[in-house]
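# Architecture and fold: a report
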Amino acid sequence: MAMVGSVVEVELSPRVDFNLRDTAKISDKIRRREEEGKLFFSFEYFPPKTATGVDNLYERVERMAQVEPLFCDMTWGAGGTTSDLTLDLSGNIQRYLGLDVMMHLTCTNMPQGAVQVALESAKARGIRNILALRGDPPAGQEWKACEDGFAHAEDLVRYIRKHYGDFFSICVACYPEGHPAGFLDGKLTFAEEMAHLKAKVDAGADFLITQMFYDVEEFLEFVGKCREIGITVPILPGILPIQNYAGFKRMTGFCRTKIPPEVAEALDPIKDDDAAVRRFGINLGVDMCRKIIRSGLVPGIHFYSLNLEKSVMAIIEELGLVSRTESIRSLPWRPATWDKRRLETVRPIFWANRPRSYLDRTAEWDEFPNGRWGDSRSPAFGDLSDYHLMGGAGFLSPELKARYMEQLGTISSVEDVTRIFVDFCKGEISRLPWVEGENFAPETKAILGPILWLNQHGLLTINSQPRVNGAPSGDITVGWGGPGGYVYQKAYIEFFCDRAMMERLLEESKKFGSLTILAVRCESSEILSNVKKPRTNAVTWGVFPNQEVIQPTVVDPVSLLAWKQEAFDLWMSAWGNLYPEDSKSREVLKEIQHSYFLVTVVDDDFVAGDIFKIFSAVIKSQ
């Protein structure tokens, strides 16, 4: 952080701090960013009211996680009305989506025993960050202290510190314009309200997040007043982009937020034009953030997303906080945010498109590979389990199931299945069971033409990567890791095919010395291969300054046997079960499940190899 005249210049670097993966506590992350003078941002979400809303939120959080927010937080319904869902959402995001979550916890209608249960549940889910609030009562009720409960957020903070020490990082709320039930109601003077805030910090709060506001000058004055009374912890401004006029008026009315005259005047003539209001909201958000950042008084910006992404993403892009030209991935796959696997650096490539499943099936491991895959003769992969993020047909909401069925249609032959895979490659179908999410990885798009061609000829692809020979680690498509490095990849393709195609590939591979082929059937543990003794094969690695070589993805024969159980199971659990029990569609899918092979092909020539040559030779010889 450098001084330029009277303005503090903060580095608006979109690069990820690759040293932050080893800490779970947001307060520690903020401290490191402050030391480095690097601005950050974070997002807030709330529990949706419907199953479809929950499905959509997981997908949205996963997309927004790609821009590397420092953390996200999940709200807690008035009076604890969404407590179970808040815990589930927070735990699943922490466990499966690679984001550190700060869970809201209110003490309204919460006796100490219920608070203890909530904190233990958060701890069991790997959550290390709590936003401690007094909270609002459920709609239509008056607030009152619960018997054996807490009267103020300060009491809740003190309770957490007493019983959990420094296990949790604790945040508390602050109100630049005054609390609606305090100063704004005339129940407290502003000085008394500030004394209450100081008491929350003295009780053990690590940092503050403000209520939404639109008057930047008042916020900056508020930060100054905090410093004057000895509040030294970081203060994050809470920014709520204006999405539409009705919602803006509702939220500002509920929170009793001041609306600067110039904002009201600008909105009035466009209030019936949602698109114009949204554009204005983005421009206002950018302007507010720039003024706040240039003050040098905050280490980051916290965005109230309202579970929407476009406006928030537009603001951070306009601020230059998201790189459009440089990779910000720390690894080719999103690192986990469980304490025991934060330093994990190696995974089998088979789960590249189903990372949540991999996290679930390896959850009980005591140690996770760091540096090398190591001895994998008997890796203890968990059994296949049904969980609502894995895409099983039984866990799709009715709306998503109907949409999925409309895209897939009925199946009467293998050719229909081939058509569906082809349509997926063309973007005409949004998802397949073997892909968590709806988009190809950017690197796959570079070879999408040949991949489409393979599917058109009956090789049903589910995973692939192009060869890469020394691309800069900042390359926007294939780069990962810290600055100044170079990354490498062996070309890789994974697919289902019939026995005849598999046998022709093994025979033809005798002419291609750089290829390693593994093939396995659903009901067999025998791996067929063109090499005598298949070993763990590094297919991605990187070389970086002052570090050992990092090899984050491998093809491991033993892990393939665990993966093939899942890959074949998905034919029915996530696809066939969409159809009636005795339908032709289920019959065709079951026949493929039991007769096809799962095949992996690696081209060890990452310098000049062409993995598609063998397929061209085999298909032309048909």
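Residues numbered from 1 in each chain as written. Predicted model: local features only at pLDDT ≥ 70, side-chain atom pairs only at ≥ 80, totals over all residues. Heavy atoms only, no water.

### Concerning helix α14 (residues 414-426)
With 13 residues, α14 should cover 18 Å at 1.5 Å per step; its first-to-last C-alpha distance of 19 Å lies within 8% of that length. Among all positions in α14, only Asp 416, Val 417, Thr 418, Ile 420, Phe 421, Val 422, Asp 423, Phe 424 and Cys 425 are buried. Contacts made by the buried residues of α14 are with α13 (398-408), α16 (448-456), β13 (460-465), α18 (557-573) and α19 (584-595). One or two positions beyond α14, positive phi appears at Gly 427, with a value near 85°. (Helix = DSSP H or I, 4+ residues; strand = E, 2+ residues; numbered from the N terminus. Expected span 1.5 Å × (residues − 1). Buried < 20%, exposed > 50% of the residue type's maximum accessible area, 1.4 Å probe, protein only. Contact = heavy atoms within 4.5 Å.)

### A look at the sheet that holds strand β21 (residues 597-603)
If you walk across this open sheet you meet the five strands as β13-β16-β21-β17-β18, and the pairing is antiparallel. If you trace the sheet from one side to the other, it starts and ends with β13 and β18 (528-529), each paired once. Both β13 and strand β16 (residues 491-497) contribute to a ladder of five bridges, which runs antiparallel. Considered in β16, the bridge of Leu 460 is made with Phe 496. (Pairing = 2+ DSSP bridges.)

### What about helix α2 (residues 51-65)?
If you check α2, its first and last C-alpha atoms are 21 Å apart, about what 15 residues at 1.5 Å a residue would give, namely 21 Å. With eleven of its 15 residues buried, α2 lies for the most part within the structure. In this fold, the buried residues of α2 make contact with β3 (40-45), β4 (72-74), α3 (83-96), α11 (310-318) and α13.

### Section: the confidence of the model for the chain
Per-residue pLDDT for the chain has a mean of 89; in total, 90% of the residues score no lower than 70. Overall, residues 1-16 carries pLDDT values under 50, and its contacts beyond four positions in sequence, including any with other chains, amount to 41 contacts. Low pLDDT (under 50) marks residues 386-394, which in the prediction has 26 contacts with non-local residues, meaning those over four places away or in another chain. (pLDDT = per-residue confidence, 0-100.)

### A few points about the packing of aromatic side chains
The full count for this structure, using the stated rule, is 27 aromatic pairs. With 5.6 Å between their ring centres and 40° between their planes, Phe 41 and Phe 43 make a pair best called tilted. Here Phe 41 and Phe 43 have matching classes, each one buried. Among the aromatic residues, those joined into a cluster by ring pairs are Phe 350, Trp 351, Tyr 358, Trp 365, Phe 368 and Trp 563. When the ring centre of Phe 167 is taken as reference, the NZ or CZ atom of Lys 123 above it lies at 4.9 Å. We note Arg 128 situated over the ring of Phe 167; from NZ or CZ to the ring centre the distance is 4.0 Å. (Phe/Tyr/Trp six-rings, centres within 6.5 Å; stacked < 30°, edge-to-face > 60°. Lys NZ or Arg CZ within 6 Å of the ring centre and 35° of its normal.)

### Observations concerning the sheet that holds strand β14 (residues 468-472)
Spatially, the five strands line up as an open sheet ordered β12-β20-β19-β15-β14, and their pairing is mixed. The open sheet terminates on both sides in strands that have one partner only, identified here as β12 (347-348) and β14. Note that β12 and strand β20 (residues 550-555) share two bridges and pair parallel. Bridged to Arg 347 within β20 is Thr 553.

### Topic: the packing of helix α7 (residues 216-228) against helix α10 (residues 274-295)
As a packed pair, α7 and α10 sit with axes 10 Å apart at the nearest point and diverge in direction by 25°. Regarding the angle of α7 to α10, the classification is roughly parallel. As α7 runs across α10, the sense of the crossing is right-handed. Only Met 288, Lys 291, Ile 292 and Ser 295 of α10 make contact with α7, whose side of the interface consists of Val 216, Phe 219 and Leu 220. Here the contact of α7 with α10 is built from residues that sort into five nonpolar, one polar and one charged. (Axes fitted to C-alpha atoms, helices over the stretch in contact; angles between N-to-C directions. Parallel < 35°, antiparallel > 145°, perpendicular 65-115°, else oblique. Left-handed = near helix turned anticlockwise from the far one by under 90°. Nonpolar A, V, L, I, M, F, W, Y, C, P; charged D, E, K, R; others polar.)

### Some words on the pattern of salt bridges
One pass over the full model with this rule turns up 32 salt bridges. Salt-bridge contacts for Arg 128 lead to Asp 339; the nearest nitrogen and oxygen are separated by 2.6 Å. Of this pair, Arg 128 sits in the loop between α4 (112-124) and β6 (129-133) while Asp 339 sits in the loop between α11 and β12; the two residues are 211 residues apart in sequence, bridging distant segments of the chain. On the accessibility criterion, Arg 128 (14% relative accessible area) is buried. (Salt bridge = Lys/Arg side-chain N within 4 Å of Asp/Glu carboxyl O.)

### Points about the environment of Ala 173
Mapped onto the secondary structure, Ala 173 falls in strand β7 (residues 169-174). In this structure, the C-alpha to C-alpha distance between Ala 173 and Leu 236, residues 63 residues apart in sequence, is 9.6 Å. Look past the residues within four positions of Ala 173 in its chain and what remains in contact with it is Leu 131, Leu 133, Leu 197, Lys 200 and Ile 209.

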